[in-house]
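Now for the letters of each chain:
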Amino acid sequence: MFAVFHEAILDPFATVRKCHDRTGRPVIGVMPAYFPLELIHAAGGYPVQFWGAGLSIEHADAYLPSYCCSVARSLLEIEMRGLAESVQAYAFTSLCDTLINLREIYRRLFAKPTFEFSIPVTPNPEARKAFLSTVVAGVMKGVEAVSGRSMSPEALRASAGLYGRIRGLQRQLYQLRRRKPGIMKNRDFYAAIKAGFFLPAEDYGPLLERLAAELETLPACAEQLPRLVLSGMVFEPLGAQAVFDGLRAHVVDDDFANGWRSVSKGDLQVDDWVAGTADYLFGGAPCCCLHNPQSERHAYLIEKVKAADADGVLFWPMRFCEPDAFDRPQLSERLKQEGIPSYTLEMDLTTSNFESAKTRVEAFCEMIGGLEE
Amino acid sequence: MTQLAAFKKMKELMTLHYIEAKTSTEKPIAWLTSGAPVEFAYAMDVVPVYPENYAAMCAASHQSVALMEAAEAAGYSQDICAYARTDFGQDLLRGGPAGGLPPPRFLICSTNICKTVIKWYEAVARKYRAPLFVVDTPFLHDGLNREVLDYTVSQFHDLGRFLAEQLQRPFDRERLLNVIGMSREATGLWKKTLDLAKARPTPFTCLDAFIHVAPIVTLRGTRPCVDYYQLLYNEVAERAERKIGAIPEERYRLLWDNLPVWFKMRYFEKFFEERKCALVAATYPNSWAGIDASADLHASDPIEALAISYLNIYINFGFEARIRYLAQLMDEFTLTGFIMHSNRSCKPYSVGMYRLREEVSKLTGKPGVVIEADQNDPRVFSEAQVEARLDAFLESMPALME
């Protein structure tokens, strides 16, 4: 059921190359996070999401110090090693200080065009929209120059429908996991989500549909095990997700930037697509990287835990990710006040041995399992 | 540091500032980032408090470690900015030279120095249930444009409304214009003072600038701040006129990029003086003097000019502008080389620094070195490593031509 997804992510660069050769669409690499992929697609591009890679850092260290997160360092490593040769341009966002400067490094080191999707964080909706209109116009001009095609309203409507449908199917997978914990392995679940970073939307959608339909027919796991919610920026390294599959616990939901926070984005409204883009960015689950007084992460996470009937939260932070690290102490404290246990398991994309992680997660699961009894 | 008579006045000013902040019962307290438009606060009789300035004071007085450890014990990762950790620690322990900062009634932060300040201030705002106003100043990858300026100006107007709402009285625009005038006067004097370091021998080093930057950070927009920088300018100008050098012998003239290592100020003073190195220029103190002095000349009104000045900050610019600016400083200040502080606590300054070093060296023909350290955390500072790297760098650098 999941083989096709695992195959797609086994060598993502090969997958992208192959799909690019077949579709002929120019590949635009999308850096973290929340860039509406439908805009690139509507302009004739093939958007591919990059959230880092589990590479040993051999070249990027020359330009990025060790106190940068492994997402940024591995992104640079990908380009320096020439692994992403089919990527013709990159779209960056202003999510954090490291990513902002990373774009500047790319501009100095590589010839590929880069576009900056500067996300305005003022809570004033008029100011936000006015500024965003300039930002998206600039980005789209760059994308269209690479693709050689203009974005028509019809194409945007079609692309918005396509990507909206995909996120809807991904949400269905999340709901299935919540409703029927144990029907799929954690590693398989995230492989299915991750495949969407690289596969063309036209290919990925039907695969997801088939998967969701098959999963609907499976019975839920009869055994009652502790239920966990995971929270962090990225669900990588994928190998670490396998840790849960050998444990007596179910992951029932997540709060990952490349997981639920992205999947929860609604359909892009295209009648006024600049306003639609603003709604898209600030809609869905809150993110530590997007200041939004209207959407408080504490209440949101507590609600999520309750809705998922979860027993605890496992924080899954990437080392040196400041936005995530700043939120955690108060968030843990708030969870504690609500009687929700939490535990922090620091991650790094270059980690390949997960034995120690396994022991620690096991201890946490035993602890919350014990609390239940 | 250079023995300047103005130092006494500065200490007095800063002491008064902290006394007012700690004892004020009538004036509301606001916490501000160093790049926030404090003029709006002064226009409404708000006492601004600067956690960054206080964190630096804690480190300079060797009190930051205990405070950071308290923050870390409360769950804050060592991976986050050491200023923020010092601040969380002073708040928990009521520690540091002033026995802690007074709690904020509201907070104002601006992203022109980093995005990290949003996270830092969100945490404080949550703790004190205090409103937070974020001035979002977009990063200028390709310089300033009309849209960014309009966006920033619109937020300045929102800030006026925010203050009026918080304080339950109309925003005083007339007073703001007056405060802006004094702010411009003070920053102008600060820039003129920094420019005096072009003289040979230099009468004023960037180590001096790191100390004397405090009033321009905390008090810009007030009359005492203007008077202080006039006093400082006069004194430094006289030293330049009389060719009194900041160090006894000047063999090398260097630029320092990034924040200082606050807990090693005396160490670096001695280290460089012994090696006949004058740290003549720095990018950090220039943050309150703008990287383009004429950028706001064509502004349509004082608020627009103010917005330009808050966008016109070195670390808010893309690398092309940074490289050109560094090369300009190398030339104008007759420098023999440059030191870049790869600062674990400041990513906007430090991420990409190795590439900047390569390009600035190539463009100017002057050598540069990157040292790994931290602005506030002595636990990640290796004296032996820093010293070895700097010594190797200095040995390879041609001395100043007569």
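Residues numbered from 1 in each chain as written. Chains lettered and ligands numbered in written order. Predicted model: local features only at pLDDT ≥ 70, side-chain atom pairs only at ≥ 80, totals over all residues.

Q: Please explain the overall build of chain A as it appears in this structure.
A: When helices and strands are counted, chain A shows 15 helices and eight strands. By the compact-globule yardstick of 21 Å for 373 residues, chain A fits well, its C-alpha radius of gyration being 20 Å. With respect to the principal axes defined by its C-alpha atoms, chain A has extents near 60 × 45 × 45 Å. Counting only residues that meet the buried cut, chain A has 53% of its 373 residues in that class. Restricting the contact set of chain A to residue pairs at least 6 apart, pairs at least 24 apart contribute 73%. (Helix = DSSP H or I, 4+ residues; strand = E, 2+ residues; numbered from the N terminus. Rg over C-alpha atoms; globule rule 2.2 N^0.38 Å. Buried ≥ 20, exposed ≤ 12 C-beta atoms within 10 Å, placed from the backbone. Contact = placed C-beta atoms within 7 Å.)

Q: What's the story with the domain arrangement of chain B in this structure? I'm lost.
A: Interfaces are frequently sized by the accessible area removed from exposure as the parts join. Residue and element names in this part refer to chain B. Annotation of chain B at the domain level lists domain 1 (6-175) and domain 2 (180-396). Domain 1 and domain 2 are separated by 22 Å when their C-alpha centres are compared. At the interface, 43 residues of domain 1 touch 42 residues of domain 2. Residue assignment for the side of domain 1 that touches domain 2 shows that the elements contributing at least two residues are helix 1 (6-23), helix 2 (38-43), helix 3 (51-60), helix 4 (64-73), helix 5 (82-93) and helix 7 (146-167). When residues in the side of domain 1 that touches domain 2 are grouped by element, the largest group, six residues, is from helix 1. (Domains from an automatic or database assignment.)

Q: Help me understand unusual backbone geometry, please; the structure alone is not making it clear to me.
A: Put simply, A:P32 and A:A33 share a cis peptide bond, and its omega is -5°. Cis rather than trans, the peptide bond between A:E236 and A:P237 has omega equal to -10°. By the element assignment, A:P237 lies in the loop between strand 5 (227-232) and helix 10 (238-245). In this structure, B:D45 is a non-glycine residue whose phi angle is positive, near 60°. In this fold, B:D45 is placed in the loop between helix 2 and strand 2 (47-49). At B:T334, a position not held by glycine, the phi torsion is positive, near 50°. Relative to the assigned elements, B:T334 resides in the loop between helix 14 (319-332) and strand 7 (337-343).

Q: What is the right way to read the nonpolar core from this model?
A: Side chains of a nonpolar character, in soluble globular proteins, are inclined to be buried together. A:A91, B:A30, B:L107, B:L254, B:L255, B:L279 and B:V280 are the most contacted members of the largest nonpolar core, which has 262 residues in total. Lining this core are residues from two domains, each supplying at least three of them: domain 1 (6-175) and domain 2 (180-396) of chain B. For B:V280, the contacting residues outside a window of four places in its chain are B:A197, B:T202, B:T205, B:C206, B:R253, B:L254, B:L255, B:F333 and B:L335. (Core = buried A, V, L, I, M, F, W, Y, C linked by C-beta atoms within 7 Å.)

Q: Hey, could you run me through helix 13 (residues 297-307) of chain A in this one?
A: Side chains of residues three or four places apart in an α-helix project in the same direction, reflecting 3.6 residues per turn. All names here are of chain A. Where helix 13 is concerned, the buried positions are R297, L301, K304 and V305. The buried residues of helix 13 occupy one face: seen down the axis, they fall within an arc of 95°. Facing away from the buried side of helix 13 by more than 90 degrees, the exposed set consists of A299, E303, K306 and A307. Residues of helix 13 that are buried make contact with strand 5, strand 6 (250-256), strand 7 (312-315) and helix 14 (322-337). Two residues or fewer after helix 13 comes D309, characterised by a positive phi angle close to 50°. (Arc of directions from axis to C-beta.)

Q: How do you make sense of the interface of chain B and chain A when you look at a structure like this?
A: Taken together, the contacts link 38 residues of chain B with 40 residues of chain A. Those elements that provide at least two residues to the side of chain B that touches chain A are helix 6 (116-128), helix 7, helix 15 (347-350) and helix 16 (353-364) of chain B. Examining the composition of the side of chain B that touches chain A, we find that seven residues originate from one element, helix 6 of chain B, more than from any other. Per-class residue counts for the side of chain B that touches chain A are 16 nonpolar, ten polar and twelve charged. (Nonpolar A, V, L, I, M, F, W, Y, C, P; charged D, E, K, R; others polar.)

Q: Looking at this model, I keep getting lost on helix 9 (residues 201-217) of chain A. Mind explaining?
A: Residue and element names in this part refer to chain A. Here helix 9 is 17 residues long and its end C-alpha atoms lie 25 Å apart, about the 24 Å a rise of 1.5 Å per residue gives. Y204, L208 and L211 are the residues of helix 9 that are buried. For helix 9, the angular spread of buried residues about the axis comes to 65°, placing them on one side. Pointing more than 90 degrees away from the buried face of helix 9 are the exposed residues E202, P206, A213, E214, E216 and T217. On its buried face, helix 9 sits against helix 7 (153-179) and helix 8 (186-198). (Expected span 1.5 Å × (residues − 1).)

Q: Sorry if this is basic, but what is going on with the pairing of strand 7 of chain A here?
A: Two faces make up the sheet, and in a regular strand the side chains alternate between them. All names here are of chain A. Both faces of strand 7 are covered, namely the face carrying G312 and L314 and the face carrying V313 and F315. Sheet analysis places strand 5 next to strand 7, joined by four bridges and oriented parallel. Looking across to strand 7, one finds that L230 is bridged to L314. In terms of strand pairing, strand 7 meets strand 8 (residues 342-344) through three bridges, oriented parallel. Across the sheet, residue L314 finds its bridge partner in strand 8, namely Y343. Considered for its hand, the β-α-β crossover made up of strand 7, helix 14 and strand 8 is right-handed. (Pairing = 2+ DSSP bridges. Right-handed = clockwise from strand over helix to strand, strands pointing away.)

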